[in-house]
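Structural overview for review
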Amino acid sequence: MALCALRRLARASGTSVRFQRRCLVTGTAVRQVAGQEEGVVIMEVRDALNTAMDEELANDDRVFLIGEEVAEYDGAYKITRGLWKKWGDKRVVDTPITEMGIAGVAVGAAMSGLRPICEFMTFNFAMQAIDQIINSAAKTYYMSAGEVPVPIVFRGPNGASAGVAAQHSQDYSSWYSHCPGLKVLAPYSSEDAKGLLKAAVRDPNPVVFLENEIMYGAKFPMSPEAMSPDFVLPIGQAKIERAGDHLTIVTFSRMVGVALEAATELEGRGVSCEVINLRSLRPLDRHTILESVKKTHYVMSVEAGWPQCGVGSEVAACIMESEAFDYLDGPLLRVTGADVPMPYAHNLEQLAIPQASNIVDSAARLLRL
Amino acid sequence: MKTTTYKVAEQLDKATLVDFYRQMALLRVFEERAAEQYMLGKIRGFLHLYIGQEAVAVGAIHALGRDDYVTTHYRDHGHALARGLSVNAVMAELFGKATGCSKGMGGSMHLFDASLNFAGGYAIVAGHLPLSTGMGFAFNYLNDNRLVATFFGDGALNEGEAHEVLNMSALWNLPVVFICENNLYGMGIPLSQSMSNTQLHKMAESYGIASAQVDGMDVLAVREAAETAVQHVRSGNGPYFLEARTYRFRGHSMADPVLYRSKDEEAEYRKLDPIAQYGEWLLSSKMATQKKLDAISAEVEKQVEESIAFAEESPFPSPEDLYRNVYAQLP
């Protein structure tokens, strides 16, 4: 909001000002790619999600969007911008503020042959609906011995935003990835966002799609392949964002960017990090994690959510339970959000979420730099 | 039976009218024998018996078309059988056998049969109401003139999600027949102690939903009321709410010692037994003889007996089935 005001002032005073997009929590510059290669398009995560939904609406008449403010308002975070105007009331459905009802209605529609994309304004509000997500969506195919599939996507922003305090900032990655019957995806880049959302819509199972509000405005290059309307990423496969030899960092969502920042700094200190972007929390790509650990011998997990029973706990356990354990030269270290409800004060908020410096310090401790 | 003339009795043929008796008798015997099997340890977990409420499932489901959807709560054996699931498949499911309608994966509360458009069986009170509303949403979306009939108890109307979907179904004009089986108790709490408004169909009216109350112990009254509901919904007038006042002769479940109501009260309601009532009506209107009714009773006894043998002899699911159907595969 402040940015817009400053831009207006700048324009009014006749000065030309360029603002670099800054992460509102860490203050670091969100990765921008300067200079476009041939055929490479720069796209915001928000637009990648929008494009994915637009393409899937075109691809299959059974797909529809449902949620609060998704239609006329263009979406609370503008992810569904323009879709109602293009596809109309039938395909893009506004609802009252009634999360449990919406989720259940969407699941019922999925049971009846449609393919809903159910938006939660944030996953905090999805707690109102969690019975429908777990007891109806996740479990029905199993309980019915395969009679009743539930092809639904639950999507929305997950985790901390900026200054929105405790009830609007929880990270649900751990809760949802705990549950069999669900698939759980956590995109980082625009390519992730597009390819994984399309895959989620086409998957015959209930998929919880955990976006991140701070990442919505982040820009990433999109290859010609990624721009294709048939571009789909496989569910259950992690991506090695940065190859390295000395330390494996296992992470997902916005923390991938923070880990990459830390990796750059660690490179300067002679540590080559392999940053794994999980992309998929359930199914978890254990193979990629274990192969990397066998190569580097040191591992760290990074997540924004709380430490107890977090995703890092699962990463640690599956390394211990595998042959990769014998390759470790040190224990797994978890870098996580602070074990507190999210505070409001800006300085405390920054202390509550992993920063690049936390990752660097933990790496230094682990590797005895 | 309170009313002596039923419009629906003139519209339906004798065979159908007699078959209502057979269906209710089947439901009754099934539940009584299931209770015995539960005490023998053959059926485990929770068992919620439909004894006393037979007229609601039989009367209402008969008013539906083959393509319409039926959903219900955990007191679902009656609805499953009335919808046409095989007695063997339901008993086997209760026994947890691989030959059960949900292959032993669901049990008493999770009976499914997609081919009969029967989706459970739902264990969370009121949890299936949004699902049913979603089915109605899909039928509107697909423009296919189907409707969904969803059965639930008086207790469900205290859950927030019930109100969320009464609102949405009216707002969006969805083809849902809400059938509230008001058996006057939400588990151990009598209606007057949990509802500020005990005229449940009036609650629906406050959402602008057409509604009615019917004597749920009278199968023909239920059949008639359901017909009205179905016509209303199928004509595109949006949802309908039917409150069927009924009574369960047993406890909430097999685990319920029923200390919250008197034996005298139960005895009073036993006099309204839907099957006995209907039998008398069939006899007095010369639709059937006592001999015929006795033959029917014997037939359903035999059917249920055979289903128990079937369930006994059927295998449990194999260990490999533990991990089957967690996820659907792309074709």
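Residues numbered from 1 in each chain as written. Chains lettered and ligands numbered in written order. Predicted model: local features only at pLDDT ≥ 70, side-chain atom pairs only at ≥ 80, totals over all residues. Heavy atoms only, no water.

It is worth spelling out helix 2 (residues 45-59) of chain A at this point. Along an α-helix, a turn takes 3.6 residues, which lines up residues three or four apart on a common side. Residue and element names in this part refer to chain A. Spanning 15 residues, helix 2 covers 21 Å between terminal C-alpha atoms, matching the ideal 21 Å at 1.5 Å per step. Of all 15 residues that make up helix 2, 11 are buried, and the element is covered over most of its length. If you check which residues of helix 2 are buried, you get Val 45, Arg 46, Ala 48, Leu 49, Asn 50, Ala 52, Met 53, Asp 54, Glu 55, Glu 56 and Leu 57. (Helix = DSSP H or I, 4+ residues; strand = E, 2+ residues; numbered from the N terminus. Expected span 1.5 Å × (residues − 1). Buried < 20%, exposed > 50% of the residue type's maximum accessible area, 1.4 Å probe, protein only.)

One broad trend across soluble globular proteins is that nonpolar side chains are buried collectively. All names here are of chain A. Core analysis: the largest hydrophobic core is formed by 163 residues, its most contacted members being Phe 154 and Tyr 176. Every residue in contact with Phe 154, bar those within four places of it in the chain, is listed here: Ala 103, Val 107, Cys 118, Phe 120, Phe 123, Ile 133, Ala 137, Val 207, Val 208 and Phe 209. Judged by nonpolar contacts, the second largest core, of 60 residues, contains Ala 160, Tyr 188, Val 271 and Ala 352. (Core = buried A, V, L, I, M, F, W, Y, C linked by side-chain atoms within 4.5 Å. Contact = heavy atoms within 4.5 Å.)

Turning our eyes to something else, we now look at the sheet that holds strand 12 (residues 280-282) of chain A. Residues and elements named next belong to chain A. Sheet architecture is open: seven strands sit in the order 3-2-4-5-7-6-12, paired in mixed fashion. The open sheet has two edge strands, strand 3 (92-94) and strand 12, and neither has a second partner. Within the sheet, the average angular offset between the axes of one strand and its neighbour, ignoring direction, is 20°. Bridge count for strand 5 (residues 153-157) against strand 7 (residues 207-211) is five bridges, and the pairing is parallel. Bridge pairing in strand 7 places Pro 157 opposite Glu 211. Set on the sheet, helix 2 makes contact with strand 2 (63-67), strand 4 (115-119), strand 5 and strand 7; between it and strand 2 the angle comes to about 130°. Those strands touched by helix 7 (residues 190-202) are strand 2, strand 4, strand 5, strand 6 (183-185) and strand 7, and its axis lies near 160° from that of strand 7. (Pairing = 2+ DSSP bridges. Axes fitted to C-alpha atoms, helices over the stretch in contact; angles between N-to-C directions.)

Taken together, the contacts link 38 residues of chain B with 47 residues of chain A. For the pair chain B and chain A, the summed buried area comes to about 3,400 Å², and 66% of that belongs to carbon and sulfur atoms. At the surface where chain B touches chain A, the tally comes to zero salt bridges. Viewed at the interface, chain A and chain B are joined by 18 residue pairs in polar contact (both at pLDDT 80 or more). Broken down by secondary-structure element, the contributors of at least two residues to the side of chain B that touches chain A are strand 2 (112-113), helix 6 (128-142) and helix 7 (160-171) of chain B. Broken down by element, the residue count for the side of chain B that touches chain A peaks at 10 residues, all from helix 6 of chain B. When grouped by side-chain class, the residues that make up the side of chain B that touches chain A number 22 nonpolar, 10 polar and six charged. (Buried area = accessible area lost by both parts, 1.4 Å probe. Salt bridge = Lys/Arg side-chain N within 4 Å of Asp/Glu carboxyl O. Polar contact = N/O pair within 3.5 Å; in protein donor to acceptor, adjacent residues only side chain to side chain. Nonpolar A, V, L, I, M, F, W, Y, C, P; charged D, E, K, R; others polar.)

Let's shift gears to the packing of helix 2 (residues 14-39) of chain B against helix 5 (residues 87-95) of chain B. Residues and elements named next belong to chain B. Closest axis-to-axis distance for the helix 2/helix 5 pair is 12 Å, and the angle between their directions is 25°. Accordingly, the angle class assigned to the pair helix 2 and helix 5 is roughly parallel. For the pair helix 2 and helix 5, the sense of crossing is right-handed. Every residue of helix 5 that contacts helix 2 at Leu 26, Phe 30, Ala 34 and Gln 37 is listed here: Val 87, Val 90, Met 91, Leu 94 and Phe 95. Partitioned by chemical class, the residues of the contact of helix 2 with helix 5 number eight nonpolar, one polar and no charged. (Parallel < 35°, antiparallel > 145°, perpendicular 65-115°, else oblique. Left-handed = near helix turned anticlockwise from the far one by under 90°.)

Residue and element names in this part refer to chain B. Within this structure, the stated rule accounts for 19 aromatic pairs over all chains. Geometrically, the ring pair formed by Tyr 6 and Trp 281 is edge-to-face, given 6.0 Å between the ring centres and 85° between the ring planes. Here Trp 281 lies in helix 11 (residues 274-284) and Tyr 6 lies in the segment before helix 1 (7-11), a separation of 275 residues in the sequence. For the residue pair Tyr 6 and Trp 281, the accessibility class agrees, reading buried in each case. (Phe/Tyr/Trp six-rings, centres within 6.5 Å; stacked < 30°, edge-to-face > 60°.)

Here we take up the pattern of salt bridges. All names here are of chain A. As enumerated under the stated definition, the model contains 36 salt bridges over all chains in all. Glu 44 is the salt-bridge partner of Lys 219, the closest N and O atoms lying 3.4 Å from each other. Here Glu 44 lies in strand 1 (residues 41-44) and Lys 219 lies in strand 8 (residues 219-222), a separation of 175 residues in the sequence. Residue classification places Lys 219 among the partly exposed residues on the basis of a relative accessible area of 27%. Overall, Glu 44 belongs to the buried group, its relative accessible area being 15%. By sharing partners, the salt bridges in this structure join Glu 55, Glu 56, Lys 194, Lys 198 and Arg 202 into a single network.

A few words on the UniProt feature "domain: Dehydrogenase E1 component" (unreviewed entry) in chain B. What UniProt calls "domain: Dehydrogenase E1 component" (unreviewed entry) maps, in this numbering, to residues 23-320 of chain B. In residues 23-320 of chain B, helix accounts for 45% and strand for 12%; the two terminal C-alpha atoms are 37 Å from one another. (UniProt positions renumbered as here; feature names shortened; annotations may be inferred.)

Let's shift gears to the UniProt feature "domain: Transketolase-like pyrimidine-binding" (unreviewed entry) in chain A. Within the UniProt annotation, "domain: Transketolase-like pyrimidine-binding" (unreviewed entry) is assigned to residues 43-218 of chain A. Along residues 43-218 of chain A one finds 39% helix and 16% strand; the C-alpha atoms at either end are 8 Å apart.

Right, let's get into the sheet that holds strand 13 (residues 299-302) of chain A. All names here are of chain A. The five strands lie next to each other as 9-11-10-13-14, forming an open sheet whose pairing is mixed. Two strands bound the open sheet, and with one partner strand each, they are strand 9 (239-242) and strand 14 (333-335). For this sheet the average axis-to-axis angle between neighbouring strands, irrespective of direction, equals 25°. Pairing of strand 10 (residues 247-251) with strand 13, which is carried by four bridges, proceeds in the parallel orientation.

Attention shifts here to the confidence of the model for chain A. A low pLDDT score tells you not to read the predicted coordinates there in detail. Confidence in the prediction of chain A, expressed as mean pLDDT, is 92, and 89% of residues score 70 or more. The model gives residues 10-35 of chain A a pLDDT under 50, and that stretch makes 41 contacts with residues more than four places away or in other chains. (pLDDT = per-residue confidence, 0-100.)

Let us look at the side chain of His48(B). Residues and elements named next belong to chain B. Examined against the element boundaries, His 48 turns out to sit in the loop between helix 2 and helix 3 (54-62). You can call His 48 buried: its relative accessible area is 4%. Non-local contacts of His 48, meaning those with residues more than four positions away in its chain, are made with Glu 31, Tyr 74, Arg 75, His 77, Ser 108, Met 109, His 252 and Ser 253.

Time to look at the side chain of Ser108(B). Residues and elements named next belong to chain B. Among the structural elements, Ser 108 can be located in the loop between helix 5 and strand 2. Residue classification places Ser 108 among the buried positions, given a relative accessible area of 7%. A distance of 2.8 Å separates polar atoms of two side chains, one belonging to Ser 108 and the other to His 77. Other than its neighbours up to four places away in sequence, Ser 108 contacts Phe 46, Leu 47, His 48, Tyr 74, Asp 76, His 77 and Leu 94.

All names here are of chain A. Neither face of strand 13 is open: one carries Val 299 and Ser 301, the other Met 300 and Val 302, and all of them are buried. Both strand 13 and strand 14 contribute to a ladder of three bridges, which runs parallel. What sits directly across from Ser 301, in strand 14, is Arg 334. With helix 11 (residues 311-320) bridging strand 13 and its parallel neighbour strand 14, the resulting β-α-β unit is right-handed. (Right-handed = clockwise from strand over helix to strand, strands pointing away.)

With that out of the way, let us pick up the layout of surface pockets. Residues and elements named next belong to chain B. Considered as a void within the structure, the second largest pocket measures approximately 450 Å³ in volume. Around the second largest pocket, the lining comprises 28 residues; the ones closest to its centre are Tyr 74, Val 125, Gly 186, Met 187 and His 252. Elements that contribute at least two residues to the lining of the second largest pocket include exactly strand 4 (148-153) and strand 6 (185-186). Looking at side-chain class alone, the lining of the second largest pocket contains 12 nonpolar, 11 polar and five charged residues. (1 Å grid on protein atoms, 1.4 Å probe; cavity = no way out; pocket = protein on both sides within 12 Å on 5 of 7 lines; lining within 4 Å. Points joined across faces, edges and corners; volume = space filled by probe spheres on them.)

Residue and element names in this part refer to chain A. The buried fraction of strand 7 is high, at five of five residues. Of the two faces of strand 7, the one lined by Val 207, Phe 209 and Glu 211 and the one lined by Val 208 and Leu 210 are each fully buried. Crossover connection from strand 6 via helix 7 to parallel strand 7: handedness right-handed.

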